[in-house]
Amino acid sequence: MAAADRLPDEVLRRLELASGDFSHQAIVTMAQQLPFFGRMNAEQRASVQLVVQTGVANFVEWLRDPRAAIRLTAEAFRAAPRDLTKRVSLRQTVEMVRTATDVFERQLPSVATDAAQLAALTEAVLRYGREIAFAAATVYAAAAESRGAWDARLEALVVDGVVRGDPDESLLSRASALGWDLSATATVVVGNPPDRPASSVTSSVRAVAARHARDALVAVQGSRLVAVVSGALPGTPLLTDLSGCFGPGPVVVGPVAASVGGANRSAVEAMAGLRAVPAWPSAPRPVLAADLLAERVLDGDPYAERALLDLVVRPLLGAGGALADTLDAYLEAGGAVESCSRTLFVHANTVRYRLRRVAEVTGLEPTAPRDAHVLRTACAVGRLAVARGTF
């Protein structure tokens with residue numbers, strides 16, 4: 001039997017007339033007992049008061065028709081400003097509902113005329129408070145889902161802006177809205193996404209970055225997974241853990257950018273490395289875009305060509321023509337020091353000394369097969385640049 005069936009109409013009318021006093025007393029009690037309520041600004045307190053007043057006013061209607069519980073309790077929260085769930089946590093809302101329920105219970109004897117009416121009203125308040133709590137949970141869950149979807153779209157826009165090279169201002173404002181530290185450097189990592197829902201993939205990348213106290217902006221763009229991670233990555237455990245979030249295939253790491261607003265260069269080089277890495281079957285995973293300069297040049301990457309000119313060709317020529325000539329002769333001789341020395345009419349030890357100097361100047365060891373390949377490609381790039389008149 002519904003509580004209203006045990007309550008005469010005059011009791012419901014007294015309850016309706018007292019609803020204003022009840023809601024006022026509930027707000028006063030919240031201010032006295034809940035520390036966080038006193039820290040709210042006037043607008044936030046007014047929003048809470050509106051919810052309480054609406055909830056109390058709906059209580060009488062709920063007594064008459066308990067089947068309207070969902071509609072009426074939801075209306076109590078719908079009447080509040082939309083951003084209330086952003087300013088007041090679900091835990092705080094539950095505490096306020098509990099406080100209001102306690103106030104109502106204490107005030108009920110002034111409405112009821114006998115023990116049976118008091119028992120019916122008490123039972124009704126407890127049930128209505130439960131409905132209010134469930135309604136609050138539903139509202140907060142919907143707000144969290146909406147906010148999560150909004151954040152995911154905004155995050156995808158930021159990552160897309162990094163890839164496309166959007167102006168710094170729009171990128172920075174969006175990244176800041178997502179909680180990115182604008183003073184942090186940024187590194188772009190690209191690869192294939194695993195065969196899982198995009199939301200699961202992006203969440204796993206952010207979780208790994210968070211364990212290493214880093215920020216991460218992640219998006220699945222078709223057949224590639226792009227992650228913008230704060231700070232430098234080479235040589236860190238984070239890079240190894242991060243690679244595990246990608247699907248099968250290569251994972252390429254771009255250079256470190258001074259900020260997320262300037263991370264387009266890191267993205268461009270990482271993308272170029274991802275396109276070129278099939279030319280190096282034994283490339284490590286993950287691999288730095290800077291370690292794929294030779295393959296990127298073959299794929300037509302102008303950044304890689306300029307990098308080889310700046311990092312290899314110019315330092316060699318600046319150290320003296322003998323180093324460049326010795327390197328050419330050594331590579332043409334297939335890495336045979338004696339053949340190189342005969343071609344240059346110098347002692348073999350002189351060749352070895354010059355090769356050590358090449359390694360010091362360029363950071364690449366001519367006697368190592370991989371480094372020799374990069375050096376040969378750099379020398380070819382240098383000759384082509386001279387022939388074009390661009391060097």
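Residues numbered from 1 in each chain as written. Predicted model: local features only at pLDDT ≥ 70, side-chain atom pairs only at ≥ 80, totals over all residues. Heavy atoms only, no water.

Here we look at the overall build of the chain
For step 1, the next point in the chain: For the chain, the helix and strand inventory stands at 17 helices and five strands.
For step 2, the next point in the chain: Counting only contacts in the chain whose residues sit at least 6 apart along the sequence, the fraction spanning at least 24 positions is 68%.
For step 3, the next point in the chain: As presented, the chain carries roughly 19200 Å² of accessible surface, and 55% of it is formed by carbon and sulfur atoms. (Helix = DSSP H or I, 4+ residues; strand = E, 2+ residues; numbered from the N terminus. Contact = heavy atoms within 4.5 Å. Areas by Shrake-Rupley, 256 points an atom, 1.4 Å probe, with all protein chains shown as cover.)

With respect to the pattern of salt bridges
For step 1, the next point in the chain: Taken as a whole and judged by the stated rule, the model has 13 salt bridges.
For step 2, the next point in the chain: Its salt-bridge partner being glutamate 295, residue arginine 370 comes within 2.6 Å of it at the nearest N-O pair. One end of the pair, arginine 370, is in helix H17 (residues 369–388); the other, glutamate 295, is in helix H12 (residues 293–298), with 75 residues separating them in the sequence.
For step 3, the next point in the chain: Residue classification places arginine 370 among the partly exposed residues on the basis of a relative accessible area of 22%.
For step 4, the next point in the chain: Look at the salt bridges and you will find they share partners, linking Arg265, Glu269, Arg296 and Asp301 into a network. (Salt bridge = Lys/Arg side-chain N within 4 Å of Asp/Glu carboxyl O. Buried < 20%, exposed > 50% of the residue type's maximum accessible area, 1.4 Å probe, protein only.)

Topic: the packing of aromatic side chains
For step 1, the next point in the chain: On inspection of all chains with the given rule, the structure shows one aromatic pair.
For step 2, the next point in the chain: Against the face of tryptophan 280 rests arginine 370, its NZ or CZ located 3.5 Å from the ring centre. (Phe/Tyr/Trp six-rings, centres within 6.5 Å; stacked < 30°, edge-to-face > 60°. Lys NZ or Arg CZ within 6 Å of the ring centre and 35° of its normal.)

Description of the sheet that holds strand E1 (residues 186–191)
For step 1, the next point in the chain: Overall, mixed pairing links the five strands, which are arranged E2-E3-E1-E4-E5 in an open sheet. In the strand order of this sheet, the two ends are held by strand E2 (216–221) and strand E5 (287–288), each with one partner.
For step 2, the next point in the chain: Inspection of the sheet shows strand E4 (residues 251–253) paired to E5 by two bridges, in the parallel sense. Pairing of valine 252 across the sheet is with valine 287, part of E5.
For step 3, the next point in the chain: Of the strands in this sheet, E2 and strand E3 (224–230) touch helix H9 (residues 198–211), which is tilted by about 155° from E2.
For step 4, the next point in the chain: Along the sheet face, helix H11 (residues 264–276) touches E1, E2, E3 and E4 and points at about 25° away from the line of E1. (Pairing = 2+ DSSP bridges. Axes fitted to C-alpha atoms, helices over the stretch in contact; angles between N-to-C directions.)

Some words on helix H16 (residues 348–362)
For step 1, the next point in the chain: Taking 1.5 Å per residue, 15 residues should reach 21 Å; H16 reaches 21 Å between its end C-alpha atoms and fits that length.
For step 2, the next point in the chain: All of the buried residues along H16 are Ala348, Val351, Leu355, Val358, Ala359 and Thr362. The arc enclosing the buried residues of H16, seen along the axis, measures out at 95°, which places them on a common side.
For step 3, the next point in the chain: Considering only its buried residues, H16 is in contact with helix H13 (302–318), helix H14 (321–332), helix H15 (337–344) and H17. (Expected span 1.5 Å × (residues − 1). Arc of directions from axis to C-beta.)

As for a nonpolar patch on the surface
For step 1, the next point in the chain: On the surface, Leu317, Val386 and Phe391 cluster together into a nonpolar patch covering about 260 Å² of accessible area.
For step 2, the next point in the chain: Summarising the element assignment, leucine 317 is placed in helix H13. (Patch = residues over 30% accessible without salt bridge, like charges linked within 9 Å, V, L, I, M, F, W, Y side chains within 5 Å.)

Looking at the confidence of the model for the chain
For step 1, the next point in the chain: Looking at the chain as a whole, its pLDDT mean stands at 85, while 87% of the residues score no less than 70.
For step 2, the next point in the chain: In the predicted structure, residues 146–150 sits below a pLDDT of 50 and forms one contact with residues beyond four places in sequence or in another chain. (pLDDT = per-residue confidence, 0-100.)

Here's the deal with the side chain of threonine 29
For step 1, the next point in the chain: Assignment of secondary structure puts threonine 29 in helix H1 (residues 9–33).
For step 2, the next point in the chain: With sequence-adjacent residues up to four places away left out, threonine 29 is seen in contact with Leu34, Thr99, Val103 and Arg106.

Looking at empty space enclosed by the protein
For step 1, the next point in the chain: This model, assessed by the stated rule, comprises three cavities of 30 Å³ or more.
For step 2, the next point in the chain: One number sums up the size of the second largest cavity: a volume of about 50 Å³.
For step 3, the next point in the chain: As for the second largest cavity, its lining consists of Leu15, Phe22, Val56, Phe59, Val60, Phe104 and Leu108.
For step 4, the next point in the chain: Looking at the lining of the second largest cavity, the elements with two or more residues in it are H1 and helix H3 (42–64).
For step 5, the next point in the chain: No other element matches the three residues that H3 contributes to the lining of the second largest cavity.
For step 6, the next point in the chain: When the residues that make up the lining of the second largest cavity are grouped by side-chain class, the tally is seven nonpolar, no polar and no charged. (1 Å grid on protein atoms, 1.4 Å probe; cavity = no way out; pocket = protein on both sides within 12 Å on 5 of 7 lines; lining within 4 Å. Points joined across faces, edges and corners; volume = space filled by probe spheres on them. Nonpolar A, V, L, I, M, F, W, Y, C, P; charged D, E, K, R; others polar.)

Some details on the nonpolar core
For step 1, the next point in the chain: In this structure, Met30, Phe37, Leu63 and Leu121 are the most contacted members of the largest nonpolar core, which totals 34 residues.
For step 2, the next point in the chain: Secondary structure elements with two or more residues in this core: H1, helix H2 (35–38), H3, helix H6 (90–107) and helix H7 (115–164).
For step 3, the next point in the chain: Among the elements that line this core, the one with the most residues is H1, at eight residues.
For step 4, the next point in the chain: Beyond its immediate chain neighbours, meaning those up to four positions away, leucine 121 contacts Leu7, Val11, Leu15, Leu63, Leu108, Val111 and Ala112.
For step 5, the next point in the chain: Formed by 28 residues, the second largest nonpolar core is a distinct cluster that contains Leu309, Val313, Val358 and Ala378. (Core = buried A, V, L, I, M, F, W, Y, C linked by side-chain atoms within 4.5 Å.)

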